[in-house]
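Working through the structure, step by step
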Amino acid sequence: MLDSTVVDQTQAFLDNFDKALEAGDIAAVRDMFQEECYWRDLVSFTWNLKTVEGKDQVEDMLRHQLATTKPRGWKIATGEVPDEADGVTTAWIEFETEVARGYGLIRLRDGRIWTLLTTMVELKGHEEAKGFDRPLGAKHGAGKNQATWKEEREHEAATLGYETQPHTVIIGGGQGGIALGARLRQLGVPTIIVEKNDRPGDSWRRRYKSLCLHDPVWYDHLPYIKFPDTWPVFAPKDKIGDWLEMYTKVMELNYWTRSEAKSASYDAEAGEWSIVVDRDGEEVTLRPRQLVMATGMSGKPRMPEFPGMERFKGDQHHSSKHPGPDAYAGKKCVVIGSNNSAHDICAALWEHDADVTMVQRSSTHIVRSDTLMDIGLGALYSEEAVRGGMTTEKADLIFASLPYRIMHEFQIPLYEQMKERDKEFYEGLEKAGFRLDWGDDGSGLFMKYLRRGSGYYIDVGASQLIIDGEVKLAKGQVTEVVEDGVLLDTGEKLEADLIVYATGYNSMNGWVADLMGQAMADRVGKVWGLGSDTTKDPGPWEGEQRNMWKPTQAEALWFHGGNLHQSRHYSQFLALQLKARMEGIATPVYGLQEVHHLG
């Protein structure tokens, strides 16, 4: 039976919140928050991705932003009913600002706000043409020399970047660039995606042949077009590549293949970039207003410099360049590293009858795929969740509504469950000598990913090979590469015909240094991480991902990427920020992050 009391109480609270905000009574608004409180705003109030923590920060944000934001119309979202459990009332909410419509999630504790998520859904007067407003497509009625859809697309492809300039250029045509390009297309923002590969999807096709997604299908949908119900839970890389190629065509993206940006500079006075692009051997200069780096969250491959590498007589390459196992049957193969790529490559080499040794240099967090899907993702991203009424969009917002400051507290008990469920599995790994960890605070994979983007493996079978001794394990630091192998600081020598350096990636601002110079890279600073002061994520606390999907210290320069989930979810908010700038809408940014680390 519907508890009308909870509905009435929640709406009454929102009415009071609305009145206090509209009256500019910041003291009254402040009093409606708990002492421990978190307000995460995705663009609607701050024109930023910003979490304010505690009453003082809430008050400061409102003193800067309330007069221009002019929020109003706070109500329980249409068709939604608040939920009350464990003393917390949770409700989906709708609201408006002067220029936009918003949606969010509020959690009330003892009649005050504990967490609040506010997101921008659409700009008034610049909505996506969908639903009742979708384009007609057909041109009914007679007319001379009418261009067909195909002719219009061909004309746009031939002239954009030459006779007319794009508003936005996206460098990098992987999942991030494609998802953002699709959002911008629907908002009417002229955009060119610059991609060095031959075809959309090649960034997946060119990875090692055994690569599959480790995240399940429900987590991985792109904007607008979801994977069909028959799509596999874990898609092989080439299947993802084909999907991305199809997606660029049906979403009508201006996607330049065999194109590489050679240099980029920003003219602040003119408010435009000058980007020199080698487009299949032809030099083209693009002059957009905004530039987005979508070159991959992981950034540039981190190739180590060990003494003696130049003397090695076999094959050696970074994992990003690994062609696959076919040429290495019967060969001695050494893989330096013990995270996702290292495990995948070791397993594929073993399957093709290579003699494989993994070199573990530091501890690794491992979680079994089935267990992660069940305990870690099941409530939001699973077939059960879908059948229970959970949508991708709702799941994304629920996940986004948990402030990063306390997210680890919700993750720790989940990973305790995983540790107990797979106790024998972990005992087997430890018996094999594998060094395990659960993150600095026991919060597991998601927090490791958000904090540092590395240090884990989602097990899809390689761990059992280590337990069984089929993939050999060596531990220690590489001191030298010799003609026929690798020397470790333990004194051990590993003979090798192949060395794969599964040694990870550097910050995305390395690409900025290549394109715009080191000074610009330093101006932007390190990309990714929360400032949690845990391993590889130095403080101070940021509260959001450094430099991702939001304004940076470099005007008109943005970063976009992450896994498929993040590319889908955050592309909405980056696209709205870019659209607002194109339309000349005032975008007073609150809390532009400072630069504390250069890379």
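Just above sits the structure.
A brief report on the enclosed structure follows. (Residues numbered from 1 in each chain as written. Predicted model: local features only at pLDDT ≥ 70, side-chain atom pairs only at ≥ 80, totals over all residues. Heavy atoms only, no water.)

Scanning the protein chain from terminus to terminus reveals 18 helices and 25 strands. In summary, the protein chain has a C-alpha radius of gyration of 25 Å against a globular reference of 25 Å for 599 residues, a match within 12%. Distance between charge centroids for the protein chain: 3 Å, based on 68 positive and 92 negative side chains. (Helix = DSSP H or I, 4+ residues; strand = E, 2+ residues; numbered from the N terminus. Rg over C-alpha atoms; globule rule 2.2 N^0.38 Å. Lys, Arg positive; Asp, Glu negative; His and termini not counted. Charge placed at Lys NZ, Arg CZ, Asp CG, Glu CD.)

Here the focus is the pattern of salt bridges. Inspection of the entire model under this criterion finds 42 salt bridges. In this structure, Glu59 and Arg30 form a salt bridge, with 2.7 Å as the shortest nitrogen-oxygen distance. Separated by 29 residues along the polypeptide, Glu59 in helix 3 (residues 54-69) and Arg30 in helix 2 (residues 26-31) bring together distant segments of the chain. A single salt-bridge network, built from bridges that share partners, covers Asp198, Arg199, Asp202, Arg205, Arg206, Asp242 and Glu245. (Salt bridge = Lys/Arg side-chain N within 4 Å of Asp/Glu carboxyl O.)

Let us look at the sheet that holds strand 8 (residues 168-171). Across the sheet, five strands lie side by side as 10-9-8-14-25; this open sheet has parallel pairing. Among the strands making up the open sheet, the edge pair consists of strand 10 (255-256) and strand 25 (557-559). Pairing of strand 9 (residues 191-194) with strand 10 involves two bridges; the strand directions are parallel. Across the sheet, the residue bridging to Val194 is Trp256, located in strand 10. Running over the sheet, helix 16 (residues 509-516) touches strand 8, strand 14 (290-293) and strand 25 and is turned about 130° from strand 14. Each of strand 8, strand 14 and strand 25 is contacted by helix 18 (residues 564-582), which is oriented at about 165° to strand 25, the strand it contacts most. (Pairing = 2+ DSSP bridges. Contact = heavy atoms within 4.5 Å. Axes fitted to C-alpha atoms, helices over the stretch in contact; angles between N-to-C directions.)

This part is about the state of the cysteines. Enumeration according to the criterion identifies zero disulfides in this entry. Left without a disulfide partner, Cys333 is nearest to the cysteine sulfur of Cys346, which lies 8.8 Å away. Judged by its relative accessible area of 1%, Cys333 falls in the buried class. (Disulfide = S-S within 2.5 Å. Buried < 20%, exposed > 50% of the residue type's maximum accessible area, 1.4 Å probe, protein only.)

The subject of this paragraph is the environment of Lys196. Along the chain, Lys196 turns up in the loop between strand 9 and helix 6 (202-205). Accessibility expressed as a relative area gives 53% for Lys196, which makes it exposed. In this structure, the C-alpha to C-alpha distance between Lys196 and Gly173, residues 23 residues apart in sequence, is 8.1 Å. Setting aside residues no more than four positions away along its own chain, Lys196 makes contact with Arg258, Ser259 and Glu260.

Here we take up the pairing of strand 12 (residues 272-279). Here eight bridges tie strand 11 (residues 259-267) to strand 12, and the two strands are oriented antiparallel to one another. What sits directly across from Ser263, in strand 12, is Val276. One ladder, built from five bridges, connects strand 12 with strand 13 (residues 282-286); its direction is antiparallel. Bridge pairing in strand 13 links Asp278 to Glu283. Following strand 12, the chain reverses through two residues before pairing antiparallel with strand 13; Asp280 in that reversal takes a positive phi of roughly 50°.

Attention now goes to the packing of helix 11 (residues 392-401) against helix 18. Running from N to C, helix 11 and helix 18 cross one another at 90°; their axes reach a closest spacing of 11 Å. With respect to helix 18, the element helix 11 is oriented roughly perpendicular. Between helix 11 and helix 18, the contacting residues are Thr392, Asp396, Leu397, Phe399 and Ala400 on the first element and His565, Arg568 and His569 on the second. (Parallel < 35°, antiparallel > 145°, perpendicular 65-115°, else oblique.)

The next point concerns the nonpolar core. Among the nonpolar cores identified, the biggest contains 133 residues, and Met516 and Leu557 are the most heavily contacted of them. Residue contributions to this core peak at eight residues, all from helix 18. When neighbours within four sequence positions are excluded, Leu557 is seen to be in contact with Trp273, Leu291, Met293, Met516, Met520, Val524 and Thr552. Listed in part, the 27 residues of the second largest apolar core include Ala20, Leu62, Ile93 and Ile106. (Core = buried A, V, L, I, M, F, W, Y, C linked by side-chain atoms within 4.5 Å.)

Once that is clear, we can look at the packing of aromatic side chains. For the structure on display, the rule yields 26 aromatic pairs. Their ring planes at 65° and their centres at 4.9 Å tell us that Tyr426 and Trp438 sit as a pair that is edge-to-face. One end of the pair, Tyr426, is in helix 13 (residues 423-431); the other, Trp438, is in the loop between helix 13 and helix 14 (444-452), and 12 residues separate them in sequence. For Tyr426, a relative accessible area of 5% puts it in the buried group. Accessibility expressed as a relative area gives 13% for Trp438, which makes it buried. Ring geometry for Trp528 and Trp549: centres 6.1 Å apart, planes at 75°, overall edge-to-face. One end of the pair, Trp528, is in the loop between helix 17 (518-524) and strand 25; the other, Trp549, is in the loop between helix 17 and strand 25, with 21 residues separating them in the sequence. The exposure classification of Trp528 matches that of Trp549, with both residues buried. Through pairs of rings, three or more aromatic residues link up here, namely Phe13, Phe17, Phe33, Trp39, Phe45, Trp74 and Phe95. (Phe/Tyr/Trp six-rings, centres within 6.5 Å; stacked < 30°, edge-to-face > 60°.)

Moving on to the side chain of Asn197. With respect to the helices and strands, the residue Asn197 is situated in the loop between strand 9 and helix 6. At 2.9 Å, the side chain of Asn197 and the side chain of Glu195 are in polar contact. Beyond its immediate stretch of four places on either side in the chain, Asn197 contacts Asp202, Ser203, Arg206, Thr257 and Arg258. (Polar contact = N/O pair within 3.5 Å; in protein donor to acceptor, adjacent residues only side chain to side chain.)

Attention now goes to the sheet that holds strand 24 (residues 498-501). Strand pairing in a sheet relies on backbone hydrogen bonds, with the paired strands running either antiparallel or parallel. Reading across from one edge, 15-24-16-17-20 is the order of the five strands in this open sheet, with parallel pairing throughout. The open sheet has two edge strands, strand 15 (315-318) and strand 20 (472-475), and neither has a second partner. Averaged over all adjacent pairs, the angle separating strand axes in this sheet is 20°, with direction ignored. Of the strands in this sheet, strand 16 (332-336), strand 17 (355-360) and strand 24 are in contact with helix 8 (residues 340-351), which crosses strand 17 at around 165°.

The end-to-end C-alpha separation of helix 5 (residues 175-186) is 17 Å, in line with the 16 Å expected for 12 residues at 1.5 Å each. Counting buried positions along helix 5 gives 10 out of 12 residues, so the element sits mostly inside the fold. Taken residue by residue, helix 5 has Gln175, Gly176, Gly177, Ile178, Ala179, Leu180, Gly181, Ala182, Arg183 and Leu184 as its buried positions. (Expected span 1.5 Å × (residues − 1).)

To continue, consider the pairing of strand 9. The side chains of a regular strand alternate, first on one face of the sheet and then on the other. Covered by surrounding structure in strand 9 are Thr191 and Ile193 together with Ile192 and Val194, the residues of both alternating faces. Pairing between strand 8 and strand 9: four bridges, direction parallel. Bridge pairing in strand 9 places Ile170 opposite Ile193.

Before going further, it helps to examine the side chain of Lys550. Turning to its location among the elements, Lys550 is positioned in the loop between helix 17 and strand 25. Polar contacts involving the side chain of Lys550 include one to the main-chain carbonyl oxygen of Gln545, which spans 3.2 Å. Setting aside its immediate chain neighbours within four residues, Lys550 contacts Asn48, Leu49, Glu544, Gln545, Trp558, Gln577 and Gln593.

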